[in-house]
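Secondary and tertiary structure notes
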Amino acid sequence: MSYLSPLHQEHEVLGRIAQGDEKAFAALFDHYHQRLGIHIYRITKSTELAEEIVHDVFLKIWLNRELLSEIENFQAYLFVLSKNAALNGLKKLANEQARTTELDADQLQIAETIEDDYRYLLIDEAIDRLPFQQRQVYLLSRHERLSYAEIAERMSLSRETVKKYLQLSTESISSYIRKRLVISILPLIQIFF
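Residues numbered from 1 in each chain as written. Predicted model: local features only at pLDDT ≥ 70, side-chain atom pairs only at ≥ 80, totals over all residues. Heavy atoms only, no water.

Notes on the layout of surface pockets
Any space left empty among the atoms is revealed by the rolling of a water-sized probe across them. Put simply, the test is: The way it works is a 1 Å grid over only the protein atoms, where trapped points that fit a 1.4 Å probe form a cavity and open points with protein on both sides within 12 Å along at least five of seven lines form a pocket, and then any residue with an atom within 4 Å of a point lines it. Grid points are joined across faces, edges and corners, and a volume is the space filled by probe spheres set on the points. The way it works is that DSSP assigns letters per residue, a run of H or I at least four long becomes a helix, a run of E at least two long becomes a strand, and they are numbered from the N terminus. Three categories are distinguished: nonpolar for Ala, Val, Leu, Ile, Met, Phe, Trp, Tyr, Cys and Pro, charged for Asp, Glu, Lys and Arg, and polar for the others, with Gly belonging to the last.
By volume, the largest pocket amounts to about 320 Å³. Lining of the largest pocket is provided by 16 residues; of these, Glu 52, Ile 53, Asp 56, Ala 85 and Gly 89 occupy positions nearest its centre. Among the elements of the structure, helix H3 (47–63) and helix H4 (74–128) are those that each provide at least two residues to the lining of the largest pocket. Sorting elements by how many residues they give to the lining of the largest pocket places H4 first, with 8 residues. Partitioned by chemical class, the residues of the lining of the largest pocket number 6 nonpolar, 4 polar and 6 charged.

Dropping the structure here:
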C-alpha cells in the first residue's frame, strides 16, 4: 500500500489514540479512510462492502487502541488488517449467497409440492363429480389395479361397458382438470399481462 503515505507525526498520533484521544482518531480516519476504501474495493469489487469493511477496520482499531503504541509500522498493520477484513467480508457474502440459493431451492420444492397437491385435489374433485358407476369403474381400475374382466365381474357389467365407462371417466377427469387449471391461471395472466 505504497499509496498510503504516513500521517504527519503518525507515531505521536497513534500514542494519543491509545490514550483515548478521539480527535487524533478522527485525524487518522480522515487521513486513511478514502485510500483504504480504494484498496478494499480492489479486493471486493463492491463499493458497499468496501465502505462497510473500512468502518469495521477503524472500529477494530479504536476498540484495540491501547495496542497502537506498540505498532512499529502502522501502514503494514493497516494493510494486513484491511486485507483480512476484506477476505472475511467476501467469505461472509459467499455464505449468505449460498444460503439464499438454498432457500430458493427450498421455496421451489415447496411450490412444486403445493402444485402437486393442487393437482391431486383437482383429480379427487373430478372423480367425485363422476356418475356413480363411472366413478366405481375408475377407482377399481386406477386404485385397485383390476383388469376390465375383474371389474366387469365385480360390478356385473359387460367388459365393453367397463371399457366405455373407463374411457368416459378419464375424459371427464382430464376435461375438469384442464378447465380448473385454466381458471386458476387466468388471474395470474391478467396480473402479468
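Let us keep going from here.
Observations concerning the packing of aromatic side chains
Aromatic ring pairs: the centre-centre distance and the angle between the two ring planes describe each pair. Formally: Ring geometry is summarised as follows: Phe, Tyr and Trp rings, the Trp one being its six-membered ring, pair when their centres sit within 6.5 Å, and such pairs are stacked at plane angles under 30 degrees, edge-to-face over 60 and tilted between the two.
One pass over the structure, following the stated rule, counts 5 aromatic pairs. Between the aromatic rings of Phe 29 and Phe 58, the centroid separation amounts to 4.9 Å while the plane-to-plane angle is 75°, which identifies the pairing as edge-to-face. Of this pair, Phe 29 sits in helix H2 (residues 22–44) while Phe 58 sits in helix H3, placing them 29 residues apart in sequence. Note on Phe 74 and Tyr 77: the rings are 6.0 Å apart at their centroids and 40° apart in plane angle, and the pair reads as tilted.

A short note on unusual backbone geometry
Our working rule: For each residue, the accessible area found with a 1.4 Å probe, counting protein chains only, is set against the maximum for its type, and the residue is called buried under 20%, exposed over 50%, and partly exposed in between.
A positive phi is found at Arg 145, a non-glycine position, where the angle reads about 60°. When you line up the elements, Arg 145 lands in the loop between helix H5 (132–142) and helix H6 (148–155). Judged by its relative accessible area of 65%, Arg 145 falls in the exposed class. In this structure, Ser 156 takes a positive phi of about 60° despite not being glycine. Within the secondary structure, Ser 156 sits in the loop between H6 and helix H7 (159–192).

Overview of the confidence of the model for the protein chain
The cut-off we apply is this: Predictor confidence is given residue by residue as pLDDT, running from a minimum of 0 to a maximum of 100.
On average, the protein chain scores 82 in pLDDT, and the residues at 70 or more come to 83%. Confidence, read as mean pLDDT per element, is least for H7 in the protein chain (76) and greatest for H6 (93).

Section: the nonpolar core
A general trend in soluble globular proteins is that nonpolar side chains are found buried together. Where we set the bar: Take the buried Ala, Val, Leu, Ile, Met, Phe, Trp, Tyr and Cys residues and link them wherever side-chain atoms come within 4.5 Å; each set so joined is a nonpolar core. Throughout, a contact is declared for two residues whenever any of their heavy atoms are within 4.5 Å.
In terms of nonpolar packing, the biggest core is built from 23 residues, with Ile 17, Leu 28, Phe 58, Ile 61 and Phe 74 touching the most fellow members. Looking at this core, the elements with two or more residues in it are helix H1 (10–18), H2, H3 and H4. In this structure Phe 58 touches Phe 25, Leu 28, Phe 29, Tyr 32, His 33 and Leu 36, once residues within four positions along its chain are discounted. One finds Met 155, Val 162, Ile 173 and Tyr 176 within the second-largest nonpolar core, a separate group that totals 17 residues.

Concerning H1
Basically, it comes down to this: The arc in question is traced by the directions running from the helix axis to the C-beta atoms.
All of the buried residues along H1 are Glu 10, Val 13, Leu 14, Ile 17 and Ala 18. When H1 is viewed along its axis, its buried side chains cluster within an angular range of 145° and face the same direction. Once H1 ends, the next one or two residues include Gly 20, with phi positive near 100°.

Remarks on the pattern of salt bridges
For clarity, the cut-off: Each reported salt bridge corresponds to a side-chain nitrogen of Lys or Arg within 4 Å of a carboxyl oxygen of Asp or Glu.
Under the definition given, this model contains 3 salt bridges. Asp 21 is the partner of Arg 16 in a salt bridge, and the nearest nitrogen-oxygen pair spans 3.2 Å. Residue Asp 21 is classed as partly exposed on the basis of its relative accessible area of 25%. The salt bridge involving Glu 144 is made with Arg 154; its shortest N-O contact spans 3.0 Å. Of the two residues, Glu 144 sits in the loop between H5 and H6 while Arg 154 sits in helix H6, which places them 10 residues apart along the sequence. Among the charged side chains, a salt-bridge network with shared partners connects Glu 12, Arg 16 and Asp 21.

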